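So the chains spell out like this:
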Amino acid sequence: MGLTTRILIAMLAGIVVGVLFNFLNTSQVLGAGATDLVHRYLTEGLFDVVGRIFIASLKLMVVPLVLVSLVCGACALSEGHRIGPLAGKTLLLYLLTTAVAISLALLVALVIQPGVGVDMSLAKDVTFEAKESPPLSEVLVNIFPTNPVEAMARGNMLQIIVFALLMGYAVARCGEPGKRMAGFFNDLNEVILRMVGVLMVFAPYGVFALLAKTFATLGFDFLLQLAKYFSVVLCVLLLHALGVYSLLLKLLSGLNPIELFKKMRPAMAFAFSTASSAATIPVTLATVEKRLGVDNKIAAFTVPLGATINMDGTAIMQGVATVFISQMYGIDIGLTGYLTVILTATLASIGTAGVPGVGLIMLAMVLQQVGLPLEGIAIVMGVDRLLDMVRTAVNITGDSVVSTIVAKSEGALSEETFNDRNYDSVANGGFMGASAN
Ligand code: ASP
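Remember, predicted model here, so these are calculated numbers, not experimental data.

### Overview of the overall build of the protein chain
Each helix and strand counted, the protein chain has 19 helices and zero strands in total. In terms of overall dimensions, the protein chain is globule-like: its C-alpha atoms have a radius of gyration of 22 Å, near the 22 Å expected for 437 residues. Burial analysis of the protein chain (437 residues in total) assigns 53% to the buried set. Counting only contacts in the protein chain whose residues sit at least 6 apart along the sequence, the fraction spanning at least 24 positions is 84%.

### A word on the packing of aromatic side chains
Under the counting rule described, the total for this entry stands at five aromatic pairs. Ring geometry for F184 and F185: centres 5.4 Å apart, planes at 70°, overall edge-to-face. According to the relative accessible area criterion, F184 is partly exposed, its value standing at 45%.

### Re the site of the ligand
Around the ligand, the surrounding shell holds 14 residues, and the nearest of these are S277, T314, G359, D388 and R391. Between an oxygen atom of the ligand and a main-chain N or O atom of G359, the distance comes to 2.7 Å. Burial of the ligand by the surrounding chains reaches 100%, relative to a free accessible area of 270 Å². Broken down by secondary-structure element, the contributors of at least two residues to the shell around the ligand are α16 (358-370) and α18 (384-409). Considered class by class, the residues forming the shell around the ligand number four nonpolar, eight polar and two charged.

### Considering α16
Residues separated by three or four positions in an α-helix point in the same direction, a consequence of the helix having 3.6 residues per turn. Between the first and last C-alpha of α16 there are 19 Å, a value that for 13 residues agrees with the 18 Å anticipated at 1.5 Å per step. By the burial criterion, the buried members of α16 are V358, G359, L360, M362, L363, A364, V366, L367 and V370. Following α16 by one or two positions, G371 has its phi on the positive side, about 70°.

Procedures and definitions
- Residues numbered from 1 in each chain as written.
- Predicted model: local features only at pLDDT ≥ 70, side-chain atom pairs only at ≥ 80, totals over all residues.
- Heavy atoms only, no water.
- Helix = DSSP H or I, 4+ residues; strand = E, 2+ residues; numbered from the N terminus.
- Rg over C-alpha atoms; globule rule 2.2 N^0.38 Å.
- Buried < 20%, exposed > 50% of the residue type's maximum accessible area, 1.4 Å probe, protein only.
- Contact = heavy atoms within 4.5 Å.
- Phe/Tyr/Trp six-rings, centres within 6.5 Å; stacked < 30°, edge-to-face > 60°.
- Near = heavy atom within 4 Å.
- Polar contact = N/O pair within 3.5 Å; in protein donor to acceptor, adjacent residues only side chain to side chain.
- Areas by Shrake-Rupley, 256 points an atom, 1.4 Å probe, with all protein chains shown as cover.
- Nonpolar A, V, L, I, M, F, W, Y, C, P; charged D, E, K, R; others polar.
- Expected span 1.5 Å × (residues − 1).

Read these as geometric descriptors, not functional statements.
Set out below in structure tokens:
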């Protein structure tokens, strides 16, 4: 059985077991003693430990992989490609897809009106404290590191990208010593990718544990009360992922979107179970390079950047939530209000990291901009964990679509790899070489 299939089976099994445990917990059919044992030793014991070790092992790879891979990428880019236009194209596509995502969300929500007739007493039991969001000037200055070691220790992706680009550029311009360094970094890159491949073998267990724990502890009662909001967000997420991305890929690169979705499945499963684009970077990067055929010199730049600044799924949640909250409180923010929402949410996505739940902090920023009550966030928070998982999968799919389009336009895409159906076979080294040797 290929690794993709095992990961997908683990994902389903995790959800089923989690929901079952959740039911046992809430209904107490096993009696208090047995329920407590299951909760203590499985949900909060085994599943929690395995899940956390799994996330740690993914995060472990993020900084070394991004740094080394991008030094190699920038070094190759410096010969023949112009970094300015490439970066411009990538940024433009990231911003454009986010703006389309939030506009779509606003449109659908305005038509379906999920916030009309919602029970306002929902807000009574929950509270939300908005964290201060940094001013734009601060965000810009913070892109430039003062200490690369600190940037790496903190996992500050944008700072690592700046440092790696500079280093790669210098390596390419350094003659003989540069050639030796480039050889070293290229070898190291292969070794690190192989490390990711080795960890992938354990992925089914990690995915199972994470999902079983999450679904066992999820509060499902809010889901019923907020069913309309939840389904609108979900529908727009699917519409954007399957419709907008397919259209973009077909129009701008002529490639078959179904192929992309099929190959991205394991990465989406990772994003779904971890709810973190940043922790998924190793898997997204390896998938985009090894399965979609995007050259390292493009992917090493576009993927970590995308995980940090491109959050279409998050923008969709913000769009629907804004309309939902404005309808619930009966406040009409008007056309200017909606335009402000599009602008703020698109810009806000640049300054926030791809970690679980950060979308809500950004939502606070958007609501403040248009004068809607922040307490509204407390209401949508009830179903946010589940939506966070789905939107993270959309976020990283967006990164892979843009990476593929940019690579194609730069002549840095292997269409043979993109169209190769045997991507999971042992002859091909299995999933990213995981089953080789
Ligand atoms: N969890 C999302 C991500 O990592 C961000 C969010 O929507 O909260 O991409």
